[in-house]
Every structure is written in C-alpha cells, then in structure tokens.
Amino acid sequence: MAESTLSARRSRDARIIGLVATVLLVVGGGYFLDRWINQGDRPDLQAHVAQKRNEEIDTRFKQGVVMLHAKQYEHATTAFHRVLQLAPTMPEAHVNMGFAMLGQKRYKEALEFFDGATALNRNQLNAYYGMAEAYEGLGDYRGALESMEAWLHRAQADDPFRRRGEAAVWEWRDRLTRDARTKSVPK
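Residues numbered from 1 in each chain as written. Predicted model: local features only at pLDDT ≥ 70, side-chain atom pairs only at ≥ 80, totals over all residues. Heavy atoms only, no water.

S.K.: Just to check I follow, could you spell out the pattern of salt bridges for this structure?
M.R.: Where side chains of opposite charge bring their charged atoms close, a pairing between them can arise. In this structure the tally under the stated criterion is eight salt bridges. Between D58 and K62 there is a salt bridge, with its nearest N and O atoms 3.1 Å apart. Of this pair, D58 and K62 both sit in helix α2 (residues 41-69), four residues apart, which is roughly one turn of the helix. Close ionic contact of R162 with E166 constitutes a salt bridge, the shortest N to O distance being 3.5 Å. One end of the pair is R162 and the other is E166, both in helix α8 (residues 162-184) and four residues apart, which spans about a single turn. Accessibility expressed as a relative area gives 18% for R162, which makes it buried. (Salt bridge = Lys/Arg side-chain N within 4 Å of Asp/Glu carboxyl O. Helix = DSSP H or I, 4+ residues; strand = E, 2+ residues; numbered from the N terminus. Buried < 20%, exposed > 50% of the residue type's maximum accessible area, 1.4 Å probe, protein only.)

Written out as structure tokens, the structure is:
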C-alpha cells in the first residue's frame, strides 16, 4: 500500500511540475514572441504619436489665431488652453492666450501669460506690447509705460504698431506727470 501512495504522489508531483513548466513556456514564449514581432513597430508608433501631437498643436494654434482676429476671445482661450497643455513652453501660445485674456478684460491673467512668454523668450516682442495694454487695463500706467518702452526699444523702426506705441508712451508719460503734480499740490 505504501508503494501505491508513493507512486500516486510522484504522479501528482510530475503533473504539477509539468503544469508549471507549461505555463512558464507559454507566458515566456508569448512575451518573447511579442517582443520579436513588435520590435520594429515601437519607433514608428512613437513617431506617429509625436506627429499627431504636433498636428494638433498646429491646428489648435491656427484656430486660436483665427478666433482672436474674429474677437471670439472665449473660443480663442479654449484653443490656446489646449495648445499650452500640449506645448507648455511655446511662448507664442502664452502671448496669444494673453491677448485672449485682454479681449475678455481679464488684465491680471493676461499679464501673467505675457510674463510667462517673456520668461520663455526674452525677445518675444509682442509680449511686451501686450503687457503694456494689460498694465493700462489695471490702471498701472508706470508699468504700462515701462513695458511699452521695452517694446519700442526692441521693435523695428518700420513696425506698423510703432506709432501707436509711441502715442501710448506720450499719453502715459503725460498722465503720470499730471498725477504727480496733483499729488504734490497741497489741498
């Protein structure tokens, strides 16, 4: 009887070992087969994903610009928000989001986006122009003046916005001078 028990135990042990070996071969073989078959697909997949991401950035950016020109500031905000999700270090997207905020009279937020653009690229000229408009909206004429002067210093002599910028500087200087005189006159 002891011999039949020992024989039954060996038979069970052999089945367990066979089952474990089969599972390991199936799983391991499947893993290596997957790696071998899909080995060449991985770079193409990554390139495809990058291409689609760049296409969406381009499409959303263009949509946002069209919406800005159409003065559809909320729609422009939506488009630039998506661009900034996909490309957070794109200074042009920060600037255009700032102009969308200006259109909605959200001056403080606009200023933050313009500041973000200049932090990413000190030569992002339209950010300085936008900053000046945001400061003016906030009633900070000193900040507006300094931002516009920074823009004028860097802008081309034939820039189509130059005359408007120079006029704004003249107006803000005059306003600051008048405000200073008013404060210095005793009541």
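S.K.: What's the story with the packing of helix α3 (residues 73-86) against helix α4 (residues 91-103) in this structure? I'm lost.
M.R.: Between α3 and α4, whose axes approach to 9 Å, the crossing angle comes to 155°. One way to sum up the angle between α3 and α4 is to call them roughly antiparallel. Remark: the crossing between α3 and α4 carries left-handed chirality. Touching Y73, A76, T77, F80, H81, V83 and L84 of α3 are A93, H94, N96, M97, F99, A100, M101 and G103, all from α4. (Axes fitted to C-alpha atoms, helices over the stretch in contact; angles between N-to-C directions. Parallel < 35°, antiparallel > 145°, perpendicular 65-115°, else oblique. Left-handed = near helix turned anticlockwise from the far one by under 90°. Contact = heavy atoms within 4.5 Å.)

S.K.: Before we go on, may I ask you to explain the layout of surface pockets in this structure?
M.R.: With a probe scaled to a water molecule rolled over the atoms, the places where space remains empty come into view. Considering only enclosed or pocket space, the largest pocket measures out at about 550 Å³ in volume. When residues of the lining of the largest pocket are traced back to their parent elements, those giving at least two are α2, α4 and α6 (125-138). Taken together, the residues of the lining of the largest pocket break down into ten nonpolar, five polar and four charged. (1 Å grid on protein atoms, 1.4 Å probe; cavity = no way out; pocket = protein on both sides within 12 Å on 5 of 7 lines; lining within 4 Å. Points joined across faces, edges and corners; volume = space filled by probe spheres on them. Nonpolar A, V, L, I, M, F, W, Y, C, P; charged D, E, K, R; others polar.)

S.K.: Can you help me understand α4 in this one?
M.R.: Three- or four-residue spacings in an α-helix give side chains the same orientation, since the helix completes a turn every 3.6 residues. Compared with an ideal rise of 1.5 Å per residue, which puts 13 residues at 18 Å, α4 spans 19 Å between its outermost C-alpha atoms and is within 8% of the ideal. The buried fraction of α4 amounts to ten of the 13 residues, a majority that puts the element mostly inside the structure. Residues of α4 that are buried include every one of P91, A93, H94, V95, N96, M97, G98, A100, M101 and L102, and no others. (Expected span 1.5 Å × (residues − 1).)

S.K.: When you look at helix α5 (residues 107-120) in this model, what are you seeing that I'm missing?
M.R.: The end-to-end C-alpha separation of α5 is 20 Å, in line with the 20 Å expected for 14 residues at 1.5 Å each. Residues of α5 that are buried: A110, L111, F114, A117 and T118. Take α5 and look down its axis: the buried residues cluster within an arc of 120°, on one side only. In α5, the exposed residues that point more than 90 degrees away from the buried face are K108, E112 and A119. Packing partners of the buried residues in α5 comprise α4 and α6. (Arc of directions from axis to C-beta.)

S.K.: Sorry, what's going on with the nonpolar core here?
M.R.: Nonpolar side chains in soluble globular proteins tend to be buried together. Of all hydrophobic cores here, the largest spans 23 residues; its most connected members are L68, F80, A110, F114 and A134. At the level of elements, α2, α3, α4, α5 and α6 are the ones that each hand at least two residues to this core. Excluding its chain neighbours within four sequence positions, the residues that come into contact with L68 are Y73, A76, F80, N96, F99 and A100. Grouped together as the second largest cluster of nonpolar side chains are 14 residues, Y128, A132, M148 and L176 included. (Core = buried A, V, L, I, M, F, W, Y, C linked by side-chain atoms within 4.5 Å.)

S.K.: Where do I start with the packing of aromatic side chains in this structure?
M.R.: Each aromatic ring pair is characterised by the separation of its centres together with the angle its planes make. Going through the model one piece at a time under the given rule, you end up with four aromatic pairs. Geometrically, the ring pair formed by F99 and F114 is edge-to-face, given 5.0 Å between the ring centres and 70° between the ring planes. Pair noted here: F99 is in helix α4 and F114 is in helix α5, with a separation of 15 residues, a long-range link. Exposure remark for F99: the relative accessible area of 21% places this residue in the partly exposed category. Relative to F161, the ring of Y129 lies with its centre 5.8 Å away and its plane at 65°, an arrangement referred to as edge-to-face. Pair noted here: Y129 is in helix α6 and F161 is in the loop between α7 (141-154) and α8, with a separation of 32 residues, a long-range link. A relative accessible area of 7% means that Y129 is categorised as buried. Overall, the relative accessible area of 40% leaves F161 in the partly exposed class. One aromatic cluster in this structure is built from Y129, W151 and F161. (Phe/Tyr/Trp six-rings, centres within 6.5 Å; stacked < 30°, edge-to-face > 60°.)

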